[in-house]
Amino acid sequence: DLATKQDFVSQTGMMSPAMKVSEQEVKKTLEYNAAWKGAAPTEGQLSALFGQIHTLAKTSGLTTTRFDPQEPEVLARVQRVPVVIGCTGSFDQIARFLAQLERLPQTIWIEDLRIEPAGKAGEVVQCEVSLVVFADNPENSDQVNSSG
């Protein structure tokens, strides 16, 4: 019985480094969550984000032929807001637009990307992008529910 207790006491010294690593991981996780929460749009901010995405397409030199936000899918902690964007322009302009989308602080996933020639010799291409914007779920957050 005494040997078991001595083994336990000797092993506690080895746990200290593991505890520090665990504490650092928890800290990183909390920082990541706080950064995501700060960048995630609320329902009221989605239209401004959609405007920003449309502006990115325009400043990339693209002509937007479709901008179609879909019905949000409300999950436990977040909302998935699908958006379909159609545009025409050069391949370089589309690449520039996609790169600018990637640099936005909000979490946006491109789920489908289709590029097809629209003119002679591939000078102009058509693009359809299906993306998902991840937004905050006000039903399960620290936000005040304004609907009552």
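The structure displayed is predicted, hence computed values, not measured ones. (Residues numbered from 1 in each chain as written. Predicted model: local features only at pLDDT ≥ 70, side-chain atom pairs only at ≥ 80, totals over all residues. Heavy atoms only, no water.)

Examining helix α2 (residues 46-59)
In plain terms, the rule: Where helices and strands are cited, they refer to DSSP runs of H or I of at least four residues and of E of at least two residues respectively, numbered from the N terminus. To estimate the expected span of a helix, subtract one from its residue number and multiply by 1.5 Å. With a 1.4 Å probe rolled over the protein chains alone, any residue whose accessible area is under 20% of its type maximum counts as buried; one over 50% counts as exposed, and the rest are partly exposed. The arc under discussion is defined with respect to the helix axis, by the directions toward the C-beta atoms. Residue contacts are defined here by distance: any two heavy atoms, one from each residue, within 4.5 Å place the two residues in contact.
Under the 1.5 Å per step criterion, the end-to-end length of α2 is 20 Å for 14 residues, consistent within 8% with the ideal 20 Å. Residues of α2 that are buried include every one of L46, L49, F50, I53, L56 and A57, and no others. Buried positions in α2, seen along its axis, are confined to an arc of 115° and lie on one side of it. Of the exposed residues in α2, those oriented more than 90 degrees away from the buried face are S47, A48, K58 and T59. In the core, the buried residues of α2 are packed alongside β1 (63-69), β3 (78-89), α3 (91-103), β4 (108-117) and β5 (125-136). Directly after α2, the chain includes G61, whose backbone phi takes a positive value near 95°.

A closer look at α3
Taking 1.5 Å per residue as the helical rise, α3 with its 13 residues ought to reach 18 Å, and the 19 Å between its terminal C-alpha atoms agrees with that figure. When α3 is considered as a whole, its buried residues turn out to be I94, F97, L98, Q100 and L101. Projection of α3 onto a plane perpendicular to its axis shows the buried side chains occupying an angular sector of 160°, all on one side. The exposed set on the far side of α3, more than 90 degrees from its buried face, consists of D92, E102 and R103. Turning to α3, the residues buried within the fold contact α2, β3, β4 and β5.

Some points on the pattern of salt bridges
Here is the rule we go by: Any Lys or Arg side-chain nitrogen found within 4 Å of a carboxyl oxygen on Asp or Glu counts as a salt bridge.
All told, the structure shown has seven salt bridges when counted by the stated rule. Residues E25 and K28 are paired through a salt bridge, measuring 3.8 Å at the closest nitrogen-oxygen approach. Pair noted here: E25 and K28 are both in helix α1 (residues 2-39), with a separation of three residues, about one helical turn. For D112, the salt bridge is made with R114, and the minimal N-O distance between the two is 2.7 Å. One network of salt bridges, in which partners are shared, links R66, D68 and E128.

Digging into the environment of G86
Assignment of secondary structure puts G86 in strand β3. G86 sits in the buried class, given a relative accessible area of 4%. As a C-alpha pair, G86 and S60 span 26 residues in sequence and 14 Å in three-dimensional space. Those residues in contact with G86, other than ones at most four positions away along the chain, are T63, T64, T65, R66, C127 and E128.

Thoughts on the side chain of Q79
Structurally, Q79 can be placed in strand β3. In contact with Q79, not counting residues within four places along its chain, are E43, P72, E73, V74, V133, F134, A135, D136, N137 and P138.

Observations concerning the packing of aromatic side chains
The condition is simple: Centres within 6.5 Å make a pair out of two Phe, Tyr or Trp rings, where for Trp the six-membered ring is used; the pair is then stacked when the planes are under 30 degrees apart, edge-to-face when over 60, and tilted otherwise.
By the definition in use, this model includes two aromatic pairs. Pairing F50 with F67 gives two aromatic rings, centres 5.9 Å apart and planes at 65°, and the pair type is edge-to-face. In this pair, F50 sits in helix α2 while F67 sits in strand β1, placing the two residues 17 residues apart along the sequence. Consider the rings of W109 and F134, whose centres lie 4.7 Å apart with planes at 70°: the pair is edge-to-face. Here W109, found in strand β4, pairs with F134, found in strand β5; they are 25 residues apart in sequence, far enough to count as distant. What makes F134 buried here is its relative accessible area of 10%.

Comments concerning the pairing of β3
Here is the rule: Paired strands, as defined in this entry, are two strands with at least two bridges between them according to DSSP.
Across the twelve residues of β3, ten count as buried, placing the element largely inside the fold. Judged from the six bridges that link them, β1 and β3 form a sheet pairing that is antiparallel. Bridge assignment links P69 to a residue of β3, and that residue is V83. Two strands pair when backbone bridges link them, and strand β2 (residues 73-74) and β3 are joined in this way by two bridges, in the antiparallel orientation.

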